[in-house]
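Structure assessment
Residue strings, one per chain:
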Amino acid sequence: MSAVTMINCCLILGACLLSSQAVWSQRVRVEPEVTAYPNGSVNLRCEFTDSGSTKLTQVSWMFERVEGDRHNIAVFHPQYGASFPNKDFDGRVSFTKGSLENPSIRIDKLRMADAGRYICEYATYPSGNEQGTTTLIMLAKPRNTAIAIPVRASSSEVVVASCEAAQGKPEATISWITNIAGRYNHTSVPERDGTVTVKSEYRMIPTPAENGKEITCVVNQRTQVEPRPFPLKLVVEYPPTVTIEGYDNNWYMGRTDAVLTCQADANPAPTDVSWTVASGQLPPSVQVDQNRLLVRKVDETVNTTFVCEVKNSLGSGKKELVAMVIDQPLPAQASNAGPVVGGVIAAIIILCLIGAGVAMYRKQRQSVENGEGPPKHKPPPPMKSGSSTEMDLDDDNNGPPANGGTPAVWDSSGHPPEKDDTTGETLPPYKPADQNDVEANFTNVAREESFVSKSMLV
């Protein structure tokens with residue numbers, strides 16, 4: 001037999017042994033994984049199924065914290081009963097059924113160090129030992145904290161907020177939500193009991209503008225139903241920044257009750273506000289009420305420089321204002337209401353015109369579509385005013401012509417001129433095609449001249 005044939009035979013035999021072992025191990029039914037919390041309890045289930053002719057002699061539970069390092073923690077024999085040889089589990093482990101067919105155990109007062117693999121192993125005849133393994137995962141809810149760290153405004157990067165998820169298992173993750181420019185870092189510290197403490201710090205350059213801005217720490221961990229947010233407000237401390245409000249450049253002689261207000265932006269809050277003048281003592285017409293300075297009556301004494309100084313625990317800030325007293329009050333500024341109202345009225349008129357134009361266009365278009373447009377025939381031309389052919393054909397006037405002209409001229413048909421039934425105006429005489437020249441000559445005859453026609457061929 002060749003060496004290759006022997007190797008193939010060994011491989012086939014090994015596969016058969018593994019397959020038979022897999023079939024046997026399937027008869028020991030356990031849960032592949034369970035989870036528990038410190039100081040709690042857990043049930044580790046185990047049973048032997050379809051024993052048939054296999055004889056069960058003994059069952060043992062072994063604990064394997066590190067792979068290959070097994071320790072018996074519970075043994076059950078049908079004749080000798082239960083035994084718990086491991087002192088680490090003494091008083092904390094017990095059999096729930098107390099039988100070979102169902103040797104499940106219960107572990108109380110769990111510790112983080114109890115995490116590991118638990119093997120339920122049967123001693124059988126004639127097949128030998130059969131086992132099943134359950135992995136116990138110990139979970140620990142982290143203790144979450146988040147704080148905003150008070151800092152002084154500066155040009156250097158410092159830690160302004162801190163977030164921590166202490167003694168959690170598995171390890172927690174921390175993230176930050178904010179619109180503030182900065183960066184953060186994470187540190188993980190394993191604890192002796194198997195838990196992990198995660199800490200994250202947010203760093204930035206603190207300025208007074210960032211004081212009170214919102215930043216949120218978010219902790220995510222397996223034991224939590226959802227991520228836990230911790231909203232914070234940054235605390236940036238700085239000395240006062242002072243402004244003076246209320247001066248309108250219209251302090252005229254005799255004016256009463258002019259007021260100046262000293263405003264300060266500071267953190268911590270201001271502890272002291274004081275008013276002074278550059279020339280020395282305050283004028284007698286001035287009264288101070290905390291951050292307000294009231295001028296009872298404007299006179300030459302208030303034509304000076306007022307100084308407001310504000311202090312807090314970090315320092316002080318001041319602001320100066322030069323007041324100038326004038327003889328007469330400034331003219332009132334023209335109101336801006338007139339142009340605004342005029343603009344509104346103009347807009348309304350424009351809109352009305354646009355609306356009217358649209359309505360007329362639609363009406364005209366509708367008339368054209370309904371055949372009601374202007375007449376398509378050309379009306380007759382009007383008679384020329386002042387010509388010799390202009391006649392007074394008013395039937396109601398029986399006297400001589402008003403214009404002193406000749407009597408009414410009949411056309412060549414021998415009929416008198418016709419009148420329009422509607423307007424009463426004399427219609428132009430009938431114009432045959434061959435009399436155009438004659439008509440043209442008639443129009444050139446002046447008033448009071450004899451009316452003589454040219455020779456005509458008969």
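Look up a bit, the structure's there.
Nothing here was measured: the structure is a model prediction, and the numbers come from that model.

Backbone-to-backbone hydrogen bonds join strands into a sheet, with any given pair of strands oriented parallel or antiparallel. The 6 strands lie next to each other as S2-S11-S10-S5-S6-S7, forming an open sheet whose pairing is mixed. In the strand order of this sheet, the two ends are held by strand S2 (33–36) and strand S7 (81–83), each with one partner. Sheet twist, expressed as the average angle between the axes of neighbouring strands with direction ignored, equals 25°. Relative to strand S11 (residues 128–138), S2 runs parallel, the two being bridged by 4 bridges. Within S11, the position partnered with Val 34 by the bridge is Leu 136.

Sheet topology note: the strand S20 (residues 236–245)/strand S22 (residues 256–267) ladder contains 6 bridges and is antiparallel. Within S22, the residue paired with Glu 245 across the bridge is Thr 261. Strand direction decides the pairing type here: S22 and strand S25 (residues 292–297), joined by 5 bridges, are antiparallel. When the sheet's bridge partners are listed, Ala 258 is paired in S25 with Val 295.

The next subject is the packing of aromatic side chains. Under the definition given, this model contains 10 aromatic pairs. Between Phe 89 and Tyr 118, the aromatic rings sit 6.4 Å apart at their centres with planes inclined by 85°, giving edge-to-face as the arrangement. Taken together, the residues span a long stretch of sequence, with Phe 89 in the loop between S7 and strand S8 (93–95) and Tyr 118 in strand S10 (residues 116–125) at a distance of 29 residues. With respect to burial, Phe 89 and Tyr 118 carry one shared label: buried. Centroid distance Tyr 184 to Tyr 202: 6.4 Å. Interplanar angle 20°. Geometry classified as stacked. On the criterion of sequence distance, the pair formed by Tyr 184 in strand S16 (residues 183–190) and Tyr 202 in strand S17 (residues 196–204) is long-range, its members being 18 residues apart.

Here the focus is the pattern of salt bridges. When their charged atoms lie close together, side chains carrying opposite charge are able to pair. Throughout the structure, instances matching the rule amount to 10 salt bridges. Arg 92 is the partner of Asp 114 in a salt bridge, and the nearest nitrogen-oxygen pair spans 2.9 Å. Of this pair, Asp 114 sits in the loop between strand S9 (105–107) and S10 while Arg 92 is found in the loop between S7 and S8, placing the two residues 22 residues apart along the sequence. Given a relative accessible area of 5%, Arg 92 falls into the buried group. Of the charged contacts, one joins Asp 248 and Arg 255 as a salt bridge, the two residues approaching to 3.1 Å between their closest N and O atoms. Arg 255 sits in the buried class, given a relative accessible area of 17%. A cluster of three or more residues bridged by salt bridges with shared partners is formed by Glu 64, Arg 70 and Arg 117.

Here the focus is the sheet that holds strand S27 (residues 315–322). Pairing is antiparallel across the open sheet formed by 3 strands, whose spatial order is S23-S26-S27. Of all the strands in the sheet, just strand S23 (272–277) and S27 have a single pairing partner and so form its edges. In this sheet, neighbouring strand axes are inclined to one another by 15° on average, regardless of whether the strands run parallel or antiparallel.

The next point concerns the state of the cysteines. Tallied over the full model, the rule gives 3 disulfides. Disulfide pairing is shown between Cys 262 and Cys 308; the S-S distance is 1.8 Å. One quick way to see it: the torsion about the S-S bond of Cys 262 and Cys 308 is about -90°, and its sign makes the bridge left-handed. With Cys 262 in strand S22 and Cys 308 in strand S26 (residues 305–312), this residue pair connects regions lying 46 residues apart in the sequence.

Strand direction decides the pairing type here: strand S24 (residues 286–289) and S25, joined by 4 bridges, are antiparallel. Across the sheet, the residue bridging to Val 288 is Leu 293, located in S25. Two successive antiparallel strands, S24 and S25, enclose a turn made up of 2 residues, where Gln 290 displays a positive phi of approximately 55°.

To continue, consider the nonpolar core. If you look at the biggest cluster of nonpolar residues, it comprises 29 residues, and the most contacted ones within it are Trp 61 and Tyr 118. With 4 residues, strand S5 (residues 55–66) is the largest single contributor of residues to this core. Look past the residues within four positions of Tyr 118 in its chain and what remains in contact with it is Leu 44, Trp 61, Met 62, Phe 63, Ile 73, Phe 89, Ile 107, Gly 132, Thr 133, Thr 134 and Leu 136. Counting residues in each nonpolar core, the second largest holds 21 residues, with Ala 172, Ile 174, Trp 176 and Leu 232 among its members.

Quick look at the environment of Lys 319 now. Structurally, Lys 319 is set in strand S27. Separated by 77 residues in sequence, Lys 319 and Val 242 place their C-alpha atoms 5.7 Å apart. Non-local contacts of Lys 319, meaning those with residues more than four positions away in its chain, are made with Val 242, Thr 243, Ile 244, Phe 306, Val 307 and Cys 308.

What counts as what
Residues numbered from 1 in each chain as written. Predicted model: local features only at pLDDT ≥ 70, side-chain atom pairs only at ≥ 80, totals over all residues. Heavy atoms only, no water. Pairing = 2+ DSSP bridges. Helix = DSSP H or I, 4+ residues; strand = E, 2+ residues; numbered from the N terminus. Axes fitted to C-alpha atoms, helices over the stretch in contact; angles between N-to-C directions. Phe/Tyr/Trp six-rings, centres within 6.5 Å; stacked < 30°, edge-to-face > 60°. Buried < 20%, exposed > 50% of the residue type's maximum accessible area, 1.4 Å probe, protein only. Salt bridge = Lys/Arg side-chain N within 4 Å of Asp/Glu carboxyl O. Disulfide = S-S within 2.5 Å. Core = buried A, V, L, I, M, F, W, Y, C linked by side-chain atoms within 4.5 Å. Contact = heavy atoms within 4.5 Å.

All we've got here are geometric facts, nothing functional implied.
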